[in-house]
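Structural features, examined
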Amino acid sequence: MTNVKVAIWGFGAMGQGMARMIVGKKGVEIVGICCRNEDRQGKGMYEVLGLTGDQPDVAIYNDINKAVTDKSADVVLLCTDSFTDKAFEKIEILANKGVNVITIAEEMAYPAAQQPELAKKIDELAKKNGISVLGTGINPGLVMDLLAVVLSACMTDVTKVMCKRVNSLSPFGPTVMREQGVGLSMDEFNEGLKNHTVAGHVGFAESVAMIANGLGIEMDEFKQQMVPIVTDIDRKSPYGFAAAGNLAGVNMTAQAYKDGEVVIDMYHPQQIEPEMVGVHTGDYVELTGTPPVSMAIKPEIDGGLGTIAMGVNCIPQVINADPGLITMLDIPVPRAIMGDFRKLVKEGKKIAK
């Protein structure tokens, strides 16, 4: 069997990380890369990554029609947007080329939560073209939704779900820095709230919907809050800088209510270089019910590497899936792939030859 063929659309921090991971794996290869960054266009993949590998080199294009032709890949890793409406036009292009899509756009983890009509269109488009579309990542996609759902399997009843992620934004690229308000003054932050240029964490509505629908919880109301995290010292990450007195990130919280009671509670303070001010990262899930379940991971699962790995490790499941828009609740258990990717793909499911 030929290698599983993968293309990447978006070659920033996440796209490059996925490429580095793939070139070290067996039975999978990169066949196309699309990137709008002018400094990378026309260069070879290995030159941009600063490494060598056994797989054939791939030229980087700014035109998706050159990077991906009809059925030239089994799956495209879409690493460009955070919102469903912005990702939709790219998903439509890829679906019409007959290739499966894995996107790390946060809202795509459960697009029906806020964009039910677009979710329906994506599902119809995917089924029409015989491909599958999945949104995933570290969060949403695993630590504040799927993990809670999986842990609930050992319980006879669940009355409340609490998920908390204290994390560092440092591994992420410029897009995330802008969305989290890193480096903004308080005046700029307040203005960003008004004009919606500061999004904070994107994905609470999607994570809550995934948990609620996964457990069969009928919620009456959803609320979300965002508070700035102002730094007392200068902080610098690879893609962000926050001077003293400006924002190092934001603290996001959210709640789902049933009959006036909180049934799903979310906490997510995130900032660049939290260790500089004594903040220790971690991931926590507490399920109230019978028996109660409490899980703590310290420090946090690395957000950058986690998102990269989730995208790559879900490749076989998406290729194997029935056509349509799917979520992490619909696929077999995701896991690290240490062997040959080809052995995990069902016969007749590959698209590219």
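That block above? That's the structure.
Below is a summary of the structure that appears in this document. Owing to the predicted nature of the structure, the values given are computational and were not obtained by experimental measurement. (Residues numbered from 1 in each chain as written. Predicted model: local features only at pLDDT ≥ 70, side-chain atom pairs only at ≥ 80, totals over all residues. Heavy atoms only, no water.)

**Re the overall build of the protein chain**
- Regarding its fold elements, the protein chain presents 11 helices and 15 strands.
- In terms of overall dimensions, the protein chain has a C-alpha envelope of 55 × 50 × 35 Å along the principal axes.
- The buried share among the 353 residues of the protein chain stands at 55%.
- Considering only intrachain contacts with a sequence separation of at least 6, the fraction spanning at least 24 residues in the protein chain is 74%.
- When the accessible surface of the protein chain is totalled, it reaches about 15300 Å², and 50% of it is carbon and sulfur.
- Of the charged side chains in the protein chain, 33 are positive and 43 negative, and the gap between their average positions amounts to 7 Å. (Helix = DSSP H or I, 4+ residues; strand = E, 2+ residues; numbered from the N terminus. Buried < 20%, exposed > 50% of the residue type's maximum accessible area, 1.4 Å probe, protein only. Contact = heavy atoms within 4.5 Å. Areas by Shrake-Rupley, 256 points an atom, 1.4 Å probe, with all protein chains shown as cover. Lys, Arg positive; Asp, Glu negative; His and termini not counted. Charge placed at Lys NZ, Arg CZ, Asp CG, Glu CD.)

**Points about the sheet that holds strand E6 (residues 132-135)**
- Within the open sheet, the 7 strands sit side by side as E3-E2-E1-E4-E5-E6-E15. Their pairing is parallel. With one partner strand each, in any of the chains shown, strand E3 (60-61) and strand E15 (324-326) form the two edges of the open sheet.
- Against the sheet, helix H4 (residues 84-96) touches strand E1 (4-9), strand E4 (75-78), strand E5 (100-103) and E6, its axis set at about 165 degrees to E4.
- Packed onto the sheet, helix H5 (residues 116-129) meets E6 and E15 and runs at close to 125 degrees relative to E15. (Pairing = 2+ DSSP bridges. Axes fitted to C-alpha atoms, helices over the stretch in contact; angles between N-to-C directions.)

**Description of the environment of threonine 327**
- One can find threonine 327 in the segment after E15.
- Overall, threonine 327 belongs to the buried group, its relative accessible area being 10%.
- When near neighbours in sequence (up to four residues on either side) are disregarded, threonine 327 contacts Ala109, Tyr110 and Leu134.

**Description of the sheet that holds strand E11 (residues 247-258)**
- Sheet architecture is open: 6 strands sit in the order E8-E11-E12-E7-E13-E14, paired in mixed fashion. Strands at the two margins of the open sheet, each flanked by one partner only, are strand E8 (221-230) and strand E14 (293-297). Across the sheet, the mean angle separating the axes of adjacent strands is 10 degrees when strand polarity is ignored.
- Here strand E7 (residues 157-168) runs beside strand E13 (residues 282-290); their pairing, made up of 9 bridges, is antiparallel. From the neighbouring strand, arginine 165 faces E13, where its bridge partner is aspartate 283.
- Where helix H8 (residues 186-195) meets the sheet, its contacts fall on E8 and E11, and the angle it forms with E8 comes to roughly 160 degrees.
- Contacting E7, E8, E11 and strand E12 (261-271), helix H9 (residues 204-215) runs over the sheet at an angle of about 145 degrees to E12.

**Here's the deal with the packing of helix H1 (residues 13-23) against helix H10 (residues 303-313)**
- Interaxial distance between H1 and H10 falls to 9 Å at its minimum, and their mutual angle equals 60 degrees. The orientation of H1 with respect to H10, classified from their angle, is oblique. The chirality of how H1 crosses H10 is right-handed. Where H1 approaches H10, its residues Ala13, Met14, Gly17, Met18, Met21 and Ile22 are matched on the opposing element by Gly304, Thr307, Ile308, Ala309, Gly311, Val312 and Asn313.
- For the contact of H1 with H10, the class distribution of residues is 8 nonpolar, 5 polar and no charged. (Parallel < 35°, antiparallel > 145°, perpendicular 65-115°, else oblique. Left-handed = near helix turned anticlockwise from the far one by under 90°. Nonpolar A, V, L, I, M, F, W, Y, C, P; charged D, E, K, R; others polar.)

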